[in-house]
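Examination of the molecular architecture
In case you want the letters, here they are:
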Amino acid sequence: MKQENYIKGMTMIILSAFFFACMNVSVRLAGDLPTMQKSFFRNLVAAAFAAAILMKNHVSPRVNSRYWAPLAMRCIFGTVGILCNYYAIDHLLVADASILNKLSPFFAIIFSFLILKEKITPIQASCVMLAFIGCLFVVKPGFQNAALIPALIGVCGGLGAGIAYTMVRVLGTHGIKGPVIVFYFSMFSCVLLLPWLIFDFAPMTMKQLGTLLMAGLFAAGGQFTITTAYTYAPAGKISIFDYSQIIFATLLGFFLFGEIPDGYSFIGYGLIIAASLGMFIYNRRAAEKK
C-alpha cells in the first residue's frame, strides 16, 4: 500500500469521526424533542442520500430473498442502536455517550462468534474484556447513580450497532452494496418511526428542524468519508483513528455545553481505546502474516 493512500485513508477516517461527533452534538442542540422524532429526521436525510447514490450509479435496490433475514436484522438492530444512542446523548455527557457507542466493534466480535461461528482468539477475548471493564468505569454502576439507566441504554446502543454491523458483514460478503444496505435501513427506520411522529409529534422551531437536518447531513458525511477511507486503506491499518471521535466529542461537549468528564470516565476512555489499540495491532499483524 502506498504511503499516500495510507495518509488519505487516515485523514478521511478522522474526518468521519469529526462528522459523527458533530452529529451527536447536533442531536443535543436540537433540544427537548422525542428521541423518535430526532431519529426520524436523521434517517430521512440518510435515505435521501442513499437513494440519490443508487439513482446516480444506476444500481438496483433489489436484494435476493435469501438475504432478507440478515437485511431485516440489520435494519431492526440498527434502528435500536440509533434510538439508544440518541437517548444516551440527550441524558449523558456527549463524550460518554460517544464512547459507549464505540463498544459496537467488541459486540460485533461476540456476535460474529455466536452467529457466524467465527473463532475468538485469546487476544480478542482479552480486548473484549478490557473494553467492558472500561465500560464499567464510564457507566459507574450503582443505585445512587442517576445516569445509570441512560448509560445502560447507551451500552444497548453499542450492542444494537454491533449486531447490525455483523449483519452488514454477512450482506457485504454476498455482494450486497453499501448504499443498498443504507437505503433499506434508513427507509425501514423512517417507516417504523412514522406512527410515533404522527401521534406524538412535538412542535419544532425552524432552528430545531435545521439542527436535526444538520445532524442528518453530518451522519451522511460520516458515512461517506468512512466508506472512502476504507477504499484507500484496509481497516486493520486505520480503524484505530476512528476513536478520535472521543477527542472531538470531549472538546465539543466542553466548549458548547461546559461538560467535563470525571476521572472515572477518563479511565474508562483509556481502557476502551487501549483495547481498541490491542485489536488494531493484532489485526494488522494477522493481515501481514497472510
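To be clear, the structure that these remarks concern was listed above.
These remarks concern the structure in this document. Being a predicted model, the structure only gives us computed values, none of them experimental.

Some details on the pattern of salt bridges
For the coordinates displayed, the defined rule picks out 4 salt bridges. In this structure, the salt-bridge partner of lysine 102 is aspartate 242, at a minimum N-O distance of 2.8 Å. Of this pair, lysine 102 sits in the loop between α4 (94–101) and α5 (104–115) while aspartate 242 sits in the loop between α10 (235–238) and α11 (244–257); the two residues are 140 residues apart in sequence, bridging distant segments of the chain. Pair check on accessibility: lysine 102 and aspartate 242 agree, each one buried. Here aspartate 262 makes a salt bridge to lysine 140, at a shortest N to O gap of 3.5 Å. Of this pair, aspartate 262 sits in the loop between α11 and α12 (263–289) while lysine 140 sits in the loop between α6 (122–139) and α7 (148–173), and the two are 122 residues apart along the sequence. Accessibility expressed as a relative area gives 33% for aspartate 262, which makes it partly exposed.

A closer look at α7
With 26 residues, α7 ought to run about 38 Å at 1.5 Å a step, and its terminal C-alpha atoms sit 38 Å apart, in line with that. Of the residues trailing α7, glycine 175 is marked for its positive phi of about 85 degrees.

As for the environment of threonine 225
If you trace the backbone, threonine 225 turns up in helix α9 (residues 206–232). Setting aside anything within four residues of it in sequence, one finds threonine 225 in contact with Met12, Leu15, Ser16 and Phe19. At 3.2 Å, the side chain of threonine 225 and the backbone oxygen of glycine 222 are in polar contact.

As for the nonpolar core
Ranked by internal contacts, the top residues of the largest apolar core, which has 50 residues, are Ile99, Leu100, Leu103 and Phe106. Listed in part, the 10 residues of the second largest apolar core include Ala30, Phe40, Leu83 and Leu197.

Each value, and the rule that gives it
- Residues numbered from 1 in each chain as written.
- Predicted model: local features only at pLDDT ≥ 70, side-chain atom pairs only at ≥ 80, totals over all residues.
- Heavy atoms only, no water.
- Salt bridge = Lys/Arg side-chain N within 4 Å of Asp/Glu carboxyl O.
- Helix = DSSP H or I, 4+ residues; strand = E, 2+ residues; numbered from the N terminus.
- Buried < 20%, exposed > 50% of the residue type's maximum accessible area, 1.4 Å probe, protein only.
- Expected span 1.5 Å × (residues − 1).
- Contact = heavy atoms within 4.5 Å.
- Polar contact = N/O pair within 3.5 Å; in protein donor to acceptor, adjacent residues only side chain to side chain.
- Core = buried A, V, L, I, M, F, W, Y, C linked by side-chain atoms within 4.5 Å.

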